[in-house]
Amino acid sequence: MGLIKGKSLLKRSIAVLIVFTVGWIILSPYQKVKNKNQITATIHIKKPIAAVFAYLGNSTNAKDWSIYVEEIVPLNDSVVNDGKLKSTRRCYKAGENRTVFWDEEILFYQKNKSRLLSIYNITGFEIGIDNLRTEQLYDSLSGNETQLTFTLYPENESWSDYLKMIIAGYRVQAIFEKNLANIKNSLEKT
């Protein structure tokens, strides 16, 4: 009788684990959007699109809005203006004494519309994904209101990258949402 109860408990435990895992994957913020798996977060800001675009193009503003980044340092600002096409910068994770960082390069730039950044040279993280891309998308809702969207996705997704993004999606989504709220607050109070 005890052996039968043990097998039944094991089967129920496995079933719960399977249901939990499937739910975790289905509910992950890492979802297919426009034929691409990505994490996406959006906010409306009561400021003109040019003001929002300029604010995010200035790396020194990151200390005011990012909960994850302590400092962003332009790496080639003597050649390319910060926030413009081909500008590169190093991002230091908050609270890590500059031992955890990554570099970014702006691969695509359309003024007041979008920036596409490559994330590379990921250093000091326990788990990393190479060749990440992040986008800043700007849409004018009216003359004085802007929709700002952040996305994150791997450029060439492998099966292991997919699993990492499913797991990291919850944390990244929370960071995006807090950062977007901070951007909104910073811009709207000025």
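Now for a description of the structure that goes with this document. (Residues numbered from 1 in each chain as written. Predicted model: local features only at pLDDT ≥ 70, side-chain atom pairs only at ≥ 80, totals over all residues. Heavy atoms only, no water.)

A few words now on the packing of aromatic side chains. Evaluation of the coordinates by the stated rule reveals eight aromatic pairs. A centroid spacing of 6.0 Å and a plane angle of 35° characterise the contact between Tyr68 and Trp102, whose relative ring orientation is tilted. With a gap of 34 residues between them, Tyr68 in the loop between helix H3 (62-65) and strand E3 (69-74) and Trp102 in strand E5 (residues 101-110) connect regions that are remote in the sequence. Residue classification places Tyr68 among the buried residues on the basis of a relative accessible area of 19%. Ring centres of Tyr92 and Phe101 lie 5.8 Å apart, and the angle between their planes is 55°; this geometry places the pair in the tilted category. Assessed through its relative accessible area of 12%, Tyr92 is described here as buried. (Phe/Tyr/Trp six-rings, centres within 6.5 Å; stacked < 30°, edge-to-face > 60°. Helix = DSSP H or I, 4+ residues; strand = E, 2+ residues; numbered from the N terminus. Buried < 20%, exposed > 50% of the residue type's maximum accessible area, 1.4 Å probe, protein only.)

Within the chain, Asn97 stands out as a residue other than glycine whose phi angle is a positive 50°. Mapped onto the secondary structure, Asn97 falls in the loop between strand E4 (88-93) and E5. Even without being a glycine, Arg98 presents a positive backbone phi close to 65°. Position of Arg98 relative to the elements: it lies in the loop between E4 and E5. Given a relative accessible area of 40%, Arg98 falls into the partly exposed group.

Moving on to the layout of surface pockets. Taken as a whole, the largest pocket holds about 1100 Å³ of empty space. In terms of lining, the largest pocket is formed by 41 residues, of which the most central are Tyr68, Trp102, Phe125, Leu152 and Val172. Put simply, the parts of the chain that give the lining of the largest pocket at least two residues each are H3, E3, E4, E5, strand E6 (114-123), strand E7 (132-142), strand E8 (145-154) and helix H4 (159-188). Sort the elements by how many residues they give to the lining of the largest pocket and H4 lands first, with ten residues. Within the lining of the largest pocket, the residues separate by chemical class into 25 nonpolar, eight polar and eight charged. By volume, the second largest pocket amounts to about 160 Å³. Going through the elements one at a time, strand E2 (36-45), E7 and E8 are the ones with two or more residues in the lining of the second largest pocket. (1 Å grid on protein atoms, 1.4 Å probe; cavity = no way out; pocket = protein on both sides within 12 Å on 5 of 7 lines; lining within 4 Å. Points joined across faces, edges and corners; volume = space filled by probe spheres on them. Nonpolar A, V, L, I, M, F, W, Y, C, P; charged D, E, K, R; others polar.)

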